[in-house]
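Here is what each chain is made of, one letter per residue.
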Amino acid sequence: ARARAPSAACEDCVLPPPVPPADAGAEVPPFVWPRTPADIEAATKEVEAASHAALDAVAAVPKDKLSFETVIRPLMEVPYYKTNHLVCQSKHLQHCSTDPVMRE
């Protein structure tokens, strides 16, 4: 967007607008575009912490409780790569941002 924007355009004109808070009853998390490399770094840390917590929970399942529902299903849901909205937001910008800093 910056490359195609007029040189006098401010960042508010170039970046997508911030998303208002989601309705508490909504099933889908709000899609909030990271606006800086620091936003992406913060999202990465959040995804990493959630992934470690989920893996620790699966590893703690007692042998007599092992099942699809206690082991496999948790590994198919958030916070993992294809189902995590934070990962999707950052990966999209990695491929599509006109700002080379955001792509790297």
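For the structure, see preceding data.
Predicted model, so just to flag it, every value in this text is computed and none were measured.

Attention now goes to helix H2 (residues 37-59). The terminal C-alpha atoms of H2 lie 33 Å apart, and with 23 residues this matches the ideal 33 Å at 1.5 Å per residue to within 8%. Within the span of H2, buried status applies to Ile40, Ala43, Val47, Ser51, Ala54 and Val58. Its buried side turned inward, H2 meets helix H3 (68-76), helix H4 (85-96) and helix H5 (100-103).

It is worth spelling out the environment of Glu48 at this point. Tracing the sequence through the fold places Glu48 in helix H2. Assessed through its relative accessible area of 46%, Glu48 is described here as partly exposed.

What follows covers the environment of Pro74. Position of Pro74 among the secondary structure elements: in helix H3. Residue class for Pro74 comes out partly exposed when judged on its relative accessible area of 27%. Taking the C-alpha atoms as reference points, Pro74 and Ala57, separated by 17 residues in sequence, lie 9.0 Å from one another. Apart from the residues within four sequence positions on either side, Pro74 is in contact with Val58, Phe68, Glu69 and Tyr80.

So, on to the packing of H2 against H4. Across the interface, H2 lies against H4 with an axial gap of 9 Å and an inter-helix angle of 145°. Regarding H2 and H4, the two cross each other, and that crossing is left-handed. Of the residues in H4, those in contact with Ile40, Ala43, Glu46 and Val47 of H2 are Leu86, Val87 and Ser90. Partitioning the contact of H2 with H4 into residue classes produces five nonpolar, one polar and one charged.

Below, the discussion takes up the pattern of salt bridges. Throughout the structure, instances matching the rule amount to two salt bridges. Of the charged contacts, one joins Glu41 and Lys45 as a salt bridge, the two residues approaching to 3.5 Å between their closest N and O atoms. With Glu41 and Lys45 both in helix H2 and four residues apart, the pair spans about one turn of that helix. A residue is classified by how much of its surface remains accessible, and Lys45, at 52% relative accessible area, is exposed. For Glu69, the salt bridge identified is with Arg73, shortest N-O distance 2.9 Å. On the criterion of helical spacing, the pair formed by Glu69 and Arg73 is a turn pair, its members being four residues apart in helix H3. The exposure class assigned to Glu69 is partly exposed, which follows from its relative accessible area of 47%. Residue classification places Arg73 among the partly exposed residues on the basis of a relative accessible area of 31%.

How each quantity is defined
- Residues numbered from 1 in each chain as written.
- Predicted model: local features only at pLDDT ≥ 70, side-chain atom pairs only at ≥ 80, totals over all residues.
- Heavy atoms only, no water.
- Helix = DSSP H or I, 4+ residues; strand = E, 2+ residues; numbered from the N terminus.
- Expected span 1.5 Å × (residues − 1).
- Buried < 20%, exposed > 50% of the residue type's maximum accessible area, 1.4 Å probe, protein only.
- Contact = heavy atoms within 4.5 Å.
- Axes fitted to C-alpha atoms, helices over the stretch in contact; angles between N-to-C directions.
- Left-handed = near helix turned anticlockwise from the far one by under 90°.
- Nonpolar A, V, L, I, M, F, W, Y, C, P; charged D, E, K, R; others polar.
- Salt bridge = Lys/Arg side-chain N within 4 Å of Asp/Glu carboxyl O.

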